[in-house]
Amino acid sequence: MENVVAKKQFGQNFLKDDGVLHKIIQSMPKNNNKIVEIGPGLGDLTKYLVDIKSVEAFEVDTDLCQYLNKTFEKEINTKRFTLNCGDVLEAWKSELVDYEYDMVANLPYYIATNIILKALADTNCKNIMVMVQLEVAQKFAALVGEKVFSSLGVITQSVGEASIVVKVPPESFDPAPKVDSAVLFIQKSSNRDDKGFEEFLKLSFTQPRKTFAKNLSSEYDKSLVLEILENLELKPTIRPHEISTPLYQQIYKKLQK
Ligand code: SAM
């Protein structure tokens, strides 16, 4: 597959920077979990992963699946590598895998946020180490008070802790994407199990620069929201990005009563 033409519709930007590949491998959590890789592509990351652990991968592109089946024939025969050819989001409509895993991947950017949210909700997923667009990594790793703190930051902090491992320039990929990238690490310590909380967060950040109370007023009685804010000693004009994750959890609980 020397002259592979990257397919734009599948978000194919192959990682060709050995320094970054090694950084990902070195930063992986040390544990006995298996690895799930989404979009192994030409196997540039996979070849290092299978050296360390058992890997199960999901690849949508049938041409790449053929290539991977040949390249990793030995690892497939020894069950060190399992390849599922198809759309990971289809596979995820039910349980993705039935064991505890860490996700390590250079994600297709057009569905990266969706995949991370699914991994955060998946109780089998214990850690997430993924290459994504820098802007997306910054949103997941944002802290309260930062302009980019959003529902993604709150959801992440509800189940664990996020950090940016390394920023990666476009030249590290072939073809080079138009945007900067970053490796995002999320260490999960608990499980997210409340869909309602996520809906509440979406509503809270409907218009990020408007007040929190205004955003909630389309579904909740505004005077009740203001009363809750006052009880928590928060100002009535507080903006969504100024409210911490524990406070979101408290407000949500109070609104359920
Ligand atoms: N891991 C390789 C690397 O680091 O060079 C390739 C990464 S490339 C950014 C994204 C990969 O995800 C491509 O191989 C693409 O075909 C695959 N992909 C895109 N959409 C997918 C989907 N819905 N399900 C599974 N794989 C997908």
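Data block above holds the structure.
Heads up: these notes are all about the structure in this document. Because the structure is a prediction, the values reported are computed rather than measured. Every residue gets a number counted from 1 within its own chain, in the order that chain's sequence is written. Local features in this predicted model are restricted to residues of pLDDT 70 or higher, and side-chain atom pairs are both shown and tallied only at a pLDDT of 80 or more, whereas totals for entire chains, interfaces and linings draw on every residue. To obtain the side-chain values, all non-hydrogen atoms of the structure were used and water was disregarded.

### Quick word on the overall build of the chain
A count of helical and extended segments in the chain gives twelve helices and nine strands. The reference for a compact globule is 2.2 Å times residues^0.38; the radius of gyration itself is calculated from the C-alpha atoms. For a compact globule of 257 residues, the expected C-alpha radius of gyration is about 18 Å, and the chain comes in at 20 Å, within 12% of that figure. Taken over the C-alpha atoms alone, the chain extends approximately 65 × 35 × 30 Å along its principal axes. Looking at the chain as a whole, 49% of its 257 residues are labelled buried. Only heavy atoms matter for contacts: two residues are in contact if any of them lie within 4.5 Å across the pair. Taking the intrachain contacts of the chain between residues at least 6 apart in sequence as the baseline, contacts between residues at least 24 apart amount to 68%. Calculation of accessible area relied on Shrake-Rupley with a 1.4 Å probe; when residues are assessed, cover is drawn exclusively from the protein chains displayed. Summing over all exposed atoms, the chain offers an accessible surface of approximately 13000 Å²; the carbon and sulfur share of this is 48%. Counted as positive: Lys and Arg. Counted as negative: Asp and Glu, with His and the chain ends omitted from the count. To locate a charge, take NZ of a lysine, CZ of an arginine, CG of an aspartate or CD of a glutamate. Here the chain contributes 32 positively and 35 negatively charged side chains, and the mean placements of these two sets differ by 4 Å. Secondary structure is summarised from DSSP: a helix means a run of H or I of at least four residues, a strand means a run of E of at least two, and numbering begins at the N terminus for each. Each residue is placed in one exposure class: buried if its accessible area under a 1.4 Å probe, protein chains only, is under 20% of its type's maximum, exposed if it is over 50%, and partly exposed if it falls in between.

### Focus on the pattern of salt bridges
A carboxyl oxygen of Asp or Glu within 4 Å of a side-chain nitrogen of Lys or Arg is what we treat as a salt bridge. Taken as a whole and assessed by the stated rule, the structure comprises nine salt bridges. Residues Lys 7 and Asp 63 are paired through a salt bridge, measuring 2.8 Å at the closest nitrogen-oxygen approach. Highlighted residues: Lys 7 in the segment before strand E1 (14-15) and Asp 63 in helix H3 (residues 62-71), separated in sequence by 56 residues. In this structure, Lys 195 and Glu 198 form a salt bridge, with 3.4 Å as the shortest nitrogen-oxygen distance. Of this pair, Lys 195 and Glu 198 both sit in helix H9 (residues 195-204), three residues apart, which is roughly one turn of the helix. Under the relative-accessibility criterion, Lys 195 is labelled exposed at 57%. A single salt-bridge network, built from bridges that share partners, covers Lys 7, Asp 61 and Asp 63.

### Observations regarding the site of the ligand
Lining the immediate surroundings of the ligand are 23 residues, of which Leu 15, Gly 39, Glu 59, Asn 106 and Tyr 110 lie closest. Nitrogen and oxygen atoms within 3.5 Å of one another constitute a polar contact, given that in protein one can donate a hydrogen and the other can accept it, and given that sequence-neighbouring residues count only through two side-chain atoms. For the ligand, an oxygen atom lies 2.8 Å from a polar atom in the backbone of Leu 15. Between the ligand and Glu 59, the relevant distance is 2.6 Å, taken from an oxygen atom to a side-chain nitrogen or oxygen of the residue. Expressed as a share of its isolated accessible area of 590 Å², the protein-covered part of the ligand is 99%. Elements with a contribution of two residues or more to the shell around the ligand: E1 and strand E3 (55-59). Any residue with a non-hydrogen atom lying within 4 Å of a molecule or strand is treated as near it.

### Notes on the packing of aromatic side chains
Two aromatic rings from Phe, Tyr or Trp, using only the six-membered ring of Trp, form a pair when their centres are within 6.5 Å; if the ring planes differ by under 30 degrees the pair is stacked, by over 60 it is edge-to-face, and anything between is tilted. Applying the stated rule across the entire model yields eight aromatic pairs. Between the aromatic rings of Phe 72 and Phe 81, the centroid separation amounts to 5.1 Å while the plane-to-plane angle is 55°, which identifies the pairing as tilted. A single burial state applies to Phe 72 and to Phe 81, both of which are buried. One aromatic cluster in this structure is built from Phe 197, Phe 200, Phe 205, Phe 212, Tyr 248 and Tyr 252.

### Brief notes about the packing of helix H8 (residues 151-159) against helix H12 (residues 245-256)
Close contact between H8 and H12 brings their axes to 9 Å; oriented N to C, the two are set at 90°. By the angle between their directions, the pair H8 and H12 is classed as roughly perpendicular. The residues of H12 that touch H8, namely those facing Gly 153, Val 154, Gln 157 and Ser 158, are Thr 245, Tyr 248 and Gln 249. Under the grouping applied here, Gly and all other residues not named as nonpolar or charged are polar, the nonpolar ones being Ala, Val, Leu, Ile, Met, Phe, Trp, Tyr, Cys and Pro and the charged ones Asp, Glu, Lys and Arg. Grouping the amino acids of the contact of H8 with H12 by side-chain chemistry returns two nonpolar, five polar and no charged. To define axes, lines are fitted to C-alpha atoms, for helices over the stretch in contact only, and angles between the resulting N-to-C directions are given on a 0 to 180 degree scale. Roughly parallel here means an angle under 35 degrees, roughly antiparallel means over 145, roughly perpendicular means 65 to 115, and every remaining angle is called oblique.

### Some remarks on the pairing of strand E5 (residues 101-106)
Taken across its six residues, E5 has six buried, putting it largely inside the fold. Burial of the side chains of E5 extends over both faces: Tyr 101, Met 103 and Ala 105 are buried on one face and Asp 102, Val 104 and Asn 106 on the other. Whether two strands pair comes down to DSSP finding at least two bridges between them. Sheet topology note: the strand E2 (residues 34-38)/E5 ladder contains three bridges and is parallel. Bridge assignment links Ile 35 to a residue of E5, and that residue is Asp 102. Bridge analysis of E5 against strand E6 (residues 125-133) gives six bridges, and the strand direction is parallel. Looking at E6, one finds that Asp 102 is bridged to Asn 127. A clockwise course of the path from the first strand over the helix to the second, judged with the strands pointing away from the viewer, identifies a crossover as right-handed. After leaving E5, the chain enters helix H6 (residues 112-121) and then returns to the sheet as E6, a path that is right-handed.

### A word on the sheet that holds E2
One open sheet holds the seven strands; their spatial order is E4-E3-E2-E5-E6-E9-E7, and the pairing between them is mixed. With partners counted over all chains shown, the strands left at the sheet margins are strand E4 (81-85) and strand E7 (160-168), one partner each. The average undirected angle you get between the axes of adjacent strands in this sheet is 20°. Both E2 and E3 contribute to a ladder of four bridges, which runs parallel. Along E3, the bridge assignment pairs Ile 35 with Val 55. Most of the contacts of H3 go to E4, to which it runs at about 160°, and overall it touches E3 and E4.

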